[in-house]
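Next come the chains, spelled out residue by residue.
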Amino acid sequence: MAVDFSEEIRNLRATMDSVREVTDLDALRRQITDLEARASAPDLWDDQDRAQQVTSALSRAGSEYERVTGMDRRIDDLEVLVQLADEESDAPTLAEAERELAALRRDVGDLEVRTLLNGEYDEREAVVTIRSGAGGVDAADFAEMLMRMYLRWAERHGYPTQVLDTSYAEEAGLKSATFEVKAPYAFGNLNVEAGTHRLVRISPFDNQGRRQTSFAAVEVIPLIEQTDSVEIPENEIKVDVFRSSGPGGQSVNTTDSAVRMTHLPTGIVVSMQNEKSQIQNRAAALRVLQSRLLLLRKAEQDATKKEMAGDIRASWGEQMRSYVLHPYQMVKDLRTDYEVGNTSAVFDGDIDGFIEAGIRRRRHADKADAADKADAADKADRADAADKADRADRADQARRG
């Protein structure tokens, strides 16, 4: 079937119109101008932290602006390419236009999803922790499979990662692991992955070849920034040091460099052991602890708001995805119903479809929440108006009586 380029280009432009509306390019240009002025100040690097904040913000803003305007230029170029192909009846040029159209559909869709990431911490880098759950050695192996899946996903996108902590299980796999994904919007993308993951397969660790169900939990938190206000009094922290564990031959295993940090009021525990220096592990542990407390504070605020609004919907932290390798092969998200039959590709990091479906569902849920709150406020206003009218009517009748 011949491609209707006119219709496809109209659809792309319509999507870009909504992207520009959300992005607000005028405000973004003003922000870039302000950041450029601050970045050119002679005394900028007198304060290293402030300078890094300014230059990072300028880089993010510039990339965002170029991402939108660059996509507009690509659509214009595609339109010209299609016109040339039609005028010359040039089949190779038409084939090139079809390839560019397919790439534009994908890239415009990705950009549209990016505009949905407008939460308070969505643009942050992410700290991901994976813990094995029920299922014994299979669960520990599953935790390691999930870690590889997310690291491969980051690698596919060119996102730098840093493993902060790994706790190995006795027979195989991981008890837990923590790593950073150092890219803008890493938290906005990955936080839809938080929850309980389930694996069903023939256990490679069972000599009778029986089917085994195992579980692993994924936690995603935004990375703390210098501007965040998360002060932790020293008397609220307990710090233990111990010898790092892991495969033999590592120099980190020869000294007491690992750090376990416990926040006494909440019971949150953070362990770091992948750096050679106890000081480095302590700094990393404190940063992750601050990030978890920041997210906990926001969650408590959101819970209070939902309680006041009467919101009884289930949270996103519940069981959310099933990976079935036997008797059939299927990975299915239990919240969005998005599913993929190629399980090998998923475990190799091909999870963008799941992430996009999760982001769109979260956005839909946020809109539903906003609509419910607006409806409740409207009902309250109408009830208040009716009550005032009733009191005024009774007062008028009393005066007449």
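Keep in mind it's a predicted model, so treat the numbers as computed, not measured.

Trainee: Whenever I open this one, the pattern of salt bridges confuses me. Can you help?
Mentor: Pairing of side chains with opposite charge becomes possible as their charged atoms draw close. Taken as a whole and assessed by the stated rule, the structure comprises 30 salt bridges. Residues aspartate 17 and arginine 20 are paired through a salt bridge, measuring 2.3 Å at the closest nitrogen-oxygen approach. Within this pair, aspartate 17 and its partner arginine 20 are both found in helix H1 (residues 5–23), separated by three residues, close to a single helical turn. Arginine 20 is paired through a salt bridge with aspartate 72; the nearest N and O atoms lie 2.7 Å apart. Of this pair, arginine 20 sits in helix H1 while aspartate 72 sits in helix H3 (residues 48–88), placing them 52 residues apart in sequence. Accessibility expressed as a relative area gives 26% for arginine 20, which makes it partly exposed. Through salt bridges with shared partners, a single ionic network connects Arg148, Arg152, Glu155, Arg156 and Asp348.

Trainee: Whenever I open this one, the side chain of serine 203 confuses me. Can you help?
Mentor: Among the secondary structure elements, serine 203 is positioned in the loop between strand S4 (195–202) and strand S5 (211–222). Its relative accessible area of 4% is what places serine 203 among the buried residues. Of the polar contacts made by the side chain of serine 203, one reaches the backbone nitrogen of aspartate 206; its length is 3.3 Å. Discounting residues that sit within four places of it in the chain, serine 203 has contacts with Asp138, Arg210 and Gln212.

What counts as what
Residues numbered from 1 in each chain as written. Predicted model: local features only at pLDDT ≥ 70, side-chain atom pairs only at ≥ 80, totals over all residues. Heavy atoms only, no water. Salt bridge = Lys/Arg side-chain N within 4 Å of Asp/Glu carboxyl O. Helix = DSSP H or I, 4+ residues; strand = E, 2+ residues; numbered from the N terminus. Buried < 20%, exposed > 50% of the residue type's maximum accessible area, 1.4 Å probe, protein only. Polar contact = N/O pair within 3.5 Å; in protein donor to acceptor, adjacent residues only side chain to side chain. Contact = heavy atoms within 4.5 Å.

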